[in-house]
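Structure assessment
One letter stands for each residue in the lines below.
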Amino acid sequence: MQTKRKLLNSQEAADYLGFSLSYFRKMMMRRVIPMYKPSGKICFFDPDDLDAYLKSVRISSQDEIDAEAAHYLANKKPL
């Protein structure tokens, strides 16, 4: 029985995110994405970490902003 490796190499991780390898390497150099370096040289990436990165900056929809504003105004005490 063969087990499937869960960690991705740099090229696989760049493909997973839809980035070019050169852009992905720049992100690695800036330490934007968590990585594993068991040998001290070759980097590996957990798909769960890559998913978390993709979900790290969420922009609210206009409907969500409007609902939040209406909730704020409804709960605001008059001066």
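Nothing here was measured: the structure is a model prediction, and the numbers come from that model. (Residues numbered from 1 in each chain as written. Predicted model: local features only at pLDDT ≥ 70, side-chain atom pairs only at ≥ 80, totals over all residues. Heavy atoms only, no water.)

1. As for the nonpolar core
In globular proteins that are soluble, nonpolar side chains generally tend to be buried together. Spelled out, the test is: By convention a nonpolar core is built from buried Ala, Val, Leu, Ile, Met, Phe, Trp, Tyr and Cys residues, the set being connected through side-chain atoms within 4.5 Å. Exposure is judged per residue with a 1.4 Å probe applied to protein chains only, and the accessible area is read against the type maximum: over 50% gives exposed, under 20% gives buried, and values in between give partly exposed. Contact definition: two residues touch when any of their heavy atoms are within 4.5 Å.
Leu8, Ala13, Ala14, Leu17, Phe24, Met27, Met28, Ile33, Cys43, Phe45 and Leu50 together form the largest nonpolar core, which totals 11 residues. Non-local contacts of Ala13, meaning those with residues more than four positions away in its chain, are made with Leu8, Phe24, Phe45 and Leu50.

2. Things to note about the packing of helix α1 (residues 10-17) against helix α3 (residues 47-54)
Convention followed: Axis angles are defined between N-to-C directions and span 0 to 180 degrees, where every axis is a line fitted to C-alpha atoms and, for a helix, only to the segment in contact. Where helices and strands are cited, they refer to DSSP runs of H or I of at least four residues and of E of at least two residues respectively, numbered from the N terminus. The handedness criterion is simple: a crossing whose near helix is rotated anticlockwise from the far helix by less than a right angle is left-handed, and one whose near helix is rotated clockwise is right-handed. Nonpolar residues are Ala, Val, Leu, Ile, Met, Phe, Trp, Tyr, Cys and Pro. Charged residues are Asp, Glu, Lys and Arg, and all others, Gly as well, are polar.
Two elements in contact, α1 and α3, have axes separated by 11 Å at closest approach and are oriented at 35 degrees. Considering the relative orientation of α1 and α3, their crossing is right-handed. The residues of α3 that touch α1, namely those facing Ala13, Tyr16 and Leu17, are Pro47, Leu50, Asp51 and Leu54. Split by residue class, the contact of α1 with α3 holds 6 nonpolar, no polar and 1 charged.

3. Observations concerning the packing of aromatic side chains
The test is simple: For Phe, Tyr and Trp, where Trp contributes only its six-membered ring, two rings pair if their centres lie within 6.5 Å, and the inter-plane angle classes them as stacked under 30 degrees, edge-to-face over 60, or tilted in between.
In this structure the tally under the stated criterion is 2 aromatic pairs. Ring centres of Phe19 and Tyr23 lie 5.2 Å apart, and the angle between their planes is 85 degrees; on these two criteria the pair is classed as edge-to-face. Their ring planes at 70 degrees and their centres at 4.9 Å tell us that Phe24 and Phe45 sit as a pair that is edge-to-face. Here Phe24 is found in helix α2 (residues 21-29), whereas its partner Phe45 is found in the loop between α2 and α3, with 21 residues between them in sequence. In this structure, Phe24 and Phe45 share a single accessibility class: buried.

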